[in-house]
Amino acid sequence: MQGYDLIGDVHGCGATLVALLEKMGYREEQGVYRHPQRKVIFLGDLIDRGPRIRLAVQTARRMVDAGEAYIVMGNHEYNALAYCHPAPEGSGRRWLREHSPRHNRIIQDTLDQYRDHTNEWEDTLAWFKRIPLYLEFEHFRVVHACWDDALIEALAQRLPDACMDDDFLIESTRSNTQAFHIVDRLTRGTHIPLPKGVEIHSGDGFTRKSFRAHFWCEQPLVWGDVVFQPDNLPGDLEARPLADDERQRLSYYAPDQPPLFIGHYWCEGIPALPASNIACLDYSAVKYGRLVAYRWSGETCLNADSFTWIKVAREELPQVSGWDLDQD
């Protein structure tokens, strides 16, 4: 059986990505990292925030294009597509994703690092559009944030390869559409609004009026049963009962379903499994956490001993030995 190494959110920590690949036995050959017996699956969010975004994208893309890796779309690749795509005429706006101060801040590092490489950025956006929203292999599944069976089935009927076309991208930016609900759930998961006037001042510098909820509790009763993020809920909100409409928002992934690999949730500390068949691989790399991989070799019950990682230094090396960013 082919082995797979699933890698969580890189967020521009390109030198750390190279170091992790090399730690797992991948070697660079003519610009592509390869392993004699294994392939990589990237869980999305290659871009934004980090110091070497172009290196992260080129490393992943060259592997994918050479058949040495797969990738699913993260919310940051999706955001970049919507941010840079003109809105339809007559819509009353210029871009699909508003160029608001918050949206500008999220993508600013990416735009800065591609500023002198405009053709490369346009080509990168075209590649993003070819990234599927999920992957389903014979024995396991991959999605950036949340697996929702009904929405996955709806997407498969509309787009069998799970890749967005322009019509789907445009539709996905309107909140009352099926495309919006598919993209939002698969790339961002479920968010539950906080009570009016309550906010979370997150460690990444943003103020949030909702919290991230997970999808593997069969009968959740209170907010604390489903909260899944590094920031604590204010006050005693973990004991707040889930309202019926909040419970209806949630997806559910049963323990008898195939192993599932996700990113997105900014975990912290030593990697651990939230469920026997679910591994989250986002361990806050760009916040000087860990860039984490899970080395899957066919098991149906996941094992925390299969995690491997690199701690992200506060300053990545200015050059990576043996690697030319712009080589053909």
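**Let's talk about the packing of aromatic side chains**
- In total, this model carries 18 aromatic pairs according to the counting rule given.
- Ring centres of Phe215 and Trp216 lie 5.0 Å apart, and the angle between their planes is 70°; on these two criteria the pair is classed as edge-to-face. For the residue pair Phe215 and Trp216, the accessibility class agrees, reading buried in each case.
- Their ring planes at 55° and their centres at 5.1 Å tell us that Phe228 and Tyr265 sit as a pair that is tilted. Residue Phe228 is located in the loop between strand S11 (210-213) and helix H9 (244-249), and its partner Tyr265 is located in the loop between strand S12 (260-262) and strand S13 (278-280); the two are separated by 37 residues in the primary sequence.
- Each residue in the set Tyr4, Tyr70, Phe137, Phe140, Phe261, Tyr294, Trp296 and Phe307 is aromatic and connected to the rest through ring pairs, giving one cluster.

**Side note on the pattern of salt bridges**
- The final tally for this structure, using the stated rule, is 16 salt bridges.
- Glu136 is the partner of Arg141 in a salt bridge, and the nearest nitrogen-oxygen pair spans 2.9 Å.
- Between Lys287 and Glu268 there is a salt bridge, with its nearest N and O atoms 3.8 Å apart. Of this pair, Lys287 sits in the loop between strand S14 (282-283) and strand S15 (290-296) while Glu268 is found in the loop between S12 and S13, placing the two residues 19 residues apart along the sequence.

**Some thoughts on the nonpolar core**
- In terms of nonpolar packing, the biggest core is built from 94 residues, with Leu6, Ile7, Phe42 and Phe261 touching the most fellow members.
- Among the elements that line this core, the one with the most residues is helix H2 (residues 53-65), at 6 residues.
- Setting aside anything within four residues of it in sequence, one finds Phe261 in contact with Leu6, Leu43, Phe140, Arg141, Val142, Val143, Ala279, Leu281, Tyr294, Trp296 and Leu302.
- Counting residues in each nonpolar core, the second largest holds 12 residues, with Ala213, Trp223, Leu242 and Leu250 among its members.

**Regarding unusual backbone geometry**
- Even without being glycine, Asp48 reaches a positive phi, approximately 75°.
- Topologically, Asp48 is positioned in the loop between strand S4 (38-42) and H2.
- Of note in the backbone geometry, Ser284 takes a positive phi value of approximately 55° without being a glycine.
- Within the secondary structure layout, Ser284 lies in the loop between S14 and S15.

**Digging into the side chain of His11**
- Turning to its location among the elements, His11 is positioned in the loop between strand S1 (3-7) and helix H1 (14-23).
- His11 gets classed as buried once you look at its relative accessible area, which sits at 2%.
- Filtering out sequence-adjacent residues up to four positions away, His11 remains in contact with Asp45, Leu46, Ile47, Asp48, Arg49, Gly50, His76, Trp266 and Val286.

**Topic: H2**
- Between the first and last C-alpha of H2 there are 18 Å, a value that for 13 residues agrees with the 18 Å anticipated at 1.5 Å per step.
- Every buried residue of H2 is accounted for by Ile53, Arg54, Leu55, Ala56, Val57, Gln58, Thr59, Ala60, Arg61, Arg62, Met63 and Val64.
- Buried positions along H2 lie against H1, strand S3 (32-34), S4, strand S5 (69-71), helix H4 (101-113) and helix H5 (118-129).
- Directly after H2, the chain includes Gly67, whose backbone phi takes a positive value near 80°.

**Points about the layout of surface pockets**
- Roughly 600 Å³ of volume is contained in the largest pocket.
- Every residue lining the largest pocket is counted, 28 residues in all, and those nearest its centre are Asn79, Arg97, Arg102, His103 and Arg188.
- When contributions to the lining of the largest pocket are tallied by element, the ones reaching two or more residues are helix H3 (75-84), H4, helix H8 (178-188) and S11.
- Among the elements that take part in the lining of the largest pocket, H3 stands out by supplying 5 residues, more than any other.

Scoring rules and cut-offs
Counting restarts for each chain: residues are numbered from 1 in the order of the written sequence. Only residues with pLDDT of at least 70 are given local features in this predicted model, and only at 80 or more are side-chain atom pairs given and counted; all residues enter the totals for whole chains, interfaces and linings. Processing note: side-chain calculations cover all non-hydrogen atoms of the structure and skip hydrogens and water entirely. When two rings of Phe, Tyr or Trp (its six-membered ring) have centres within 6.5 Å they constitute a pair, described as stacked for plane angles under 30 degrees, edge-to-face for angles over 60, and tilted for the intermediate range. A simple rule labels every residue: compare its accessible area, found with a 1.4 Å probe on the protein chains alone, to the largest value its type can have, and call it buried under 20%, exposed over 50%, or partly exposed in between. Secondary structure elements follow DSSP: runs of H or I no shorter than four residues count as helices, runs of E no shorter than two count as strands, and numbering proceeds from the N terminus. Salt bridge, as used here, is a side-chain nitrogen of Lys or Arg placed within 4 Å of a carboxyl oxygen of Asp or Glu. Here, nonpolar core means buried Ala, Val, Leu, Ile, Met, Phe, Trp, Tyr and Cys residues that are tied together by side-chain atoms lying within 4.5 Å of each other. Residues are treated as being in contact if the distance between any of their heavy atoms lies within 4.5 Å. Multiplying one less than the number of residues by 1.5 Å gives the expected span of a helix. Here a cavity denotes a set of grid points, spaced 1 Å apart and computed over the protein atoms alone, in which a 1.4 Å probe fits but from which it cannot get out, and a pocket denotes an open set meeting protein on both sides within 12 Å along at least five of seven lines; residues with an atom within 4 Å of a point are reported as lining. Grid points are joined across faces, edges and corners, and a volume is the space filled by probe spheres set on the points.

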